[in-house]
Amino acid sequence: MFHDTYDVIVVGGGHAGAEAAAAAANLGSKTLLITMNLQNIGQMSCNPAMGGIAKGQIVREIDALGGYSGIVSDASAIQFKMLNRSKGPAMWSPRVQSDRMLFAQHWRNMLEQTEHLDFYQDMVTDLLFDNDKIAGVITALGLEIKARSVVLTSGTFLNGLIHIGEKQFGGGRAGESASFGITERLIEKGFTSGRMKTGTPPRVDGRSLDYSKMVEQPGDTNPTTFSYLENAQPLKEQRSCHMTYTSPLVHDLLREGFDRSPMFNGRIKSIGPRYCPSVEDKINRFADKERHQIFVEPEGWDTVEVYVNGFSTSLPEEIQFKALKAVVGFENVKFFRPGYAIEYDFFQPTQLKHTLETKLISGLFFAGQINGTTGYEEAASQGIMAGINAHHHVQQRDPFILSRDEAYIGVLIDDLITKGTEEPYRMFTSRAEYRTLLRQDNADIRLTPKSHGIGLASDERLRQLEEKSAKTTALLTFFEKTSVRPEDINPLLEAKSSAPVKQSLKMGKVLARPNLTIDDFLTLMPVNTFVKEQAIGSATLEQVEIQVKYAGYIAKEKAQADKLTNLEHVAIPKTFDYDKVKSLSFEARQKLKQIQPVTIAQASRISGVSPSDLSVLLVYMGR
């Protein structure tokens, strides 16, 4: 059946696997996607949403690179929101509520229309090696399929164990079996593995809820899209989410089951996500809080199923039901299925290179939850990078790596391989030291030229970017060079409670005032005429406003990034012997030997390596 050798085999059809397969195939690699159930490609295992704080930036970056997540999200969205609008643009984060079934359907359709991509339904139980190189995979049916590179995206399936109260059973997610064999084989090869835990809330029948008792959460009045492509269409109709709260009564009812909670009775030994805790963990850790938010999220356009965001739990099902009935609006709730926790194997990501290729086995790549991350977006971003670099490995091309000042994806991967993780890793804007540079509005400017350069982002994407950049430059120049007279601008300034001007000023200087927006200037005839003549859209207007208002911050961050880039160019030889450098602290020597940083800049980000240790290294290397 498989007599040819594939360039890339992708194991797993979740968010990481789907992006990895698409990237490798679109770059021209003969690619095979193997997954346990082809009906579940692109499945949203947990919440029916994409994006959010920092995660929305990642989806935009995937789109700018030529990935599919943004396109699929737009095509299956039922609500769009730009979060954090009240804060600065570095914090703005797009998020969509998705139709769960449509999302998976669009992923499947897009992958089936991708050239060079084959599919096969089977469980991969073992790997083929040629000494320290990957050679292919072995399936549960005993098929040996040869490959020049393999991308493992196993999600929560590696030795997955599901917990509901005192009941536990094997599974990768509800209704699907776990995957066995791969962990044991990798441990034989010298890899270090661990266990992590995540959870999911009950799904309920929306017809049994009383929404009149809840707070409505509508989408944006003027929604935009994730994808930068011109044919991406904003939503014309949206579905609302709703919000309600737990109460002291709900907490007391939940506590009744604590003695049978796998989290508290020792059955679950692994660590769960800090920033997405179960409801029992929340009321235990924050005992002083009388209530917690619950977001009631529809699962799609044509279903009554509802996702109870904020009520993730592994308590016995009768406790879940009794407690949820005490939540306002849920008095007559009917369950579709209870919440549960799942434990699964992961591999410490310090065992990877920046390309997501393993250090021990050439041509073997890891992406997604196997690396200790949580979230669709984090997984998808690793998937596209692993797919690109698997193709580059086969073609013997230079690695494709994004630095911390170029993308949130760069921050994510650098954090993982440099620091490792002891708990499921989630991206936040606070993790990015250059977040003013890494905004959701400029991901195409940052990444599309790079991706086009390797052949992934299309000519059409580059053309659109060049057109957008030209219009942005033209409007910036117009604001910098065009003066406005006091009699023309003062009525606007007065209406905005801003100090009047006594002489003509350049428009850019006036726009820099904090209480004015670029939309205010559209009331001025010269600006309105220029915008119409140049056919400038809302995205370009937003880009210009950000660049004018935050020019000082952007320049300062760029200077800091350039300074660090100098250290990124100071490479540490692969054969460097840290034991010879006696002036290094014991902890620094230990961490440097374990992680094997590629550059001095990467070494500087390792926990336990001090500035004095870096000075010693630089001196020792003749710097």
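Since the structure is predicted, the reported quantities are computational estimates derived from the model, not experimental observations.

Q: Go over the sheet that holds strand β11 (residues 167-170), please, and point to the residues and values.
A: Sheet architecture is open: 4 strands sit in the order β11-β10-β19-β12, paired in antiparallel fashion. Of all the strands in the sheet, the pair left with one neighbour each is β11 and β12 (193-200). Strand-to-strand twist across the sheet, computed as the mean angle between neighbouring axes with direction ignored, equals 25°.

Q: Describe the packing of aromatic side chains, and please don't skip the residues or the numbers.
A: A complete count under the given rule lists 15 aromatic pairs for this structure. Ring geometry for Phe 258 and Phe 264: centres 4.7 Å apart, planes at 55°, overall tilted. By relative accessible area, which is 16% here, Phe 258 ends up buried. Here Phe 264 falls in the partly exposed class, since its relative accessible area comes to 32%. Three or more aromatic residues joined by ring pairs make a cluster, and in this case those are Phe 478, Phe 479, Phe 521 and Phe 530. Over the ring of Tyr 228 we find Arg 60, and its NZ or CZ is 5.4 Å from the ring centre. We note Arg 291 situated over the ring of Tyr 245; from NZ or CZ to the ring centre the distance is 3.6 Å.

Q: Could you give an account of the side chain of His 251, naming the residues involved and the relevant values?
A: Summarising the element assignment, His 251 is placed in helix α6 (residues 248-255). Since its relative accessible area comes to 3%, His 251 is described here as buried. Among residues more than four places away in sequence, those in contact with His 251 are Thr 246, Ile 283, Lys 289, Glu 290, Arg 291 and His 292.

Q: Can you break down the side chain of Ser 270 residue by residue, with the values?
A: Turning to its location among the elements, Ser 270 is positioned in the loop between α6 and α7 (279-285). Reaching out from Ser 270, the side chain makes a polar contact with the side chain of Glu 343 at a distance of 2.6 Å. In contact with Ser 270, other than residues within four places in its own chain, are Arg 195, Met 196, Lys 197 and Glu 343.

Q: If you had to explain the nonpolar core to someone new, which residues and values would you point to?
A: Core analysis: the biggest nonpolar cluster contains 97 residues, and Ile 9 and Leu 152 have the highest contact counts within it. Those residues in contact with Leu 152 that sit more than four places away from it in its chain are Val 11, Leu 127, Ile 182, Leu 186, Leu 364, Phe 365, Phe 366, Ala 367 and Ile 370. Counting 23 residues, the second largest nonpolar core, distinct from the first, contains Ile 518, Phe 530, Ile 536 and Leu 541.

Q: How would you sum up the sheet that holds strand β5 (residues 93-98)? Please name residues and give values.
A: One open sheet accounts for 3 strands, arranged β3-β5-β4; its pairing is antiparallel. Each having just a single partner strand, β3 (49-51) and β4 (77-83) make up the two edges of the open sheet. Across the sheet, the mean angle separating the axes of adjacent strands is 15° when strand polarity is ignored. Sheet topology note: the β3/β5 ladder contains 3 bridges and is antiparallel. For Gly 51, the partnering residue across the bridge sits in β5 and is Arg 95.

About the thresholds
Residues numbered from 1 in each chain as written. Predicted model: local features only at pLDDT ≥ 70, side-chain atom pairs only at ≥ 80, totals over all residues. Heavy atoms only, no water. Pairing = 2+ DSSP bridges. Helix = DSSP H or I, 4+ residues; strand = E, 2+ residues; numbered from the N terminus. Axes fitted to C-alpha atoms, helices over the stretch in contact; angles between N-to-C directions. Phe/Tyr/Trp six-rings, centres within 6.5 Å; stacked < 30°, edge-to-face > 60°. Buried < 20%, exposed > 50% of the residue type's maximum accessible area, 1.4 Å probe, protein only. Lys NZ or Arg CZ within 6 Å of the ring centre and 35° of its normal. Contact = heavy atoms within 4.5 Å. Polar contact = N/O pair within 3.5 Å; in protein donor to acceptor, adjacent residues only side chain to side chain. Core = buried A, V, L, I, M, F, W, Y, C linked by side-chain atoms within 4.5 Å.

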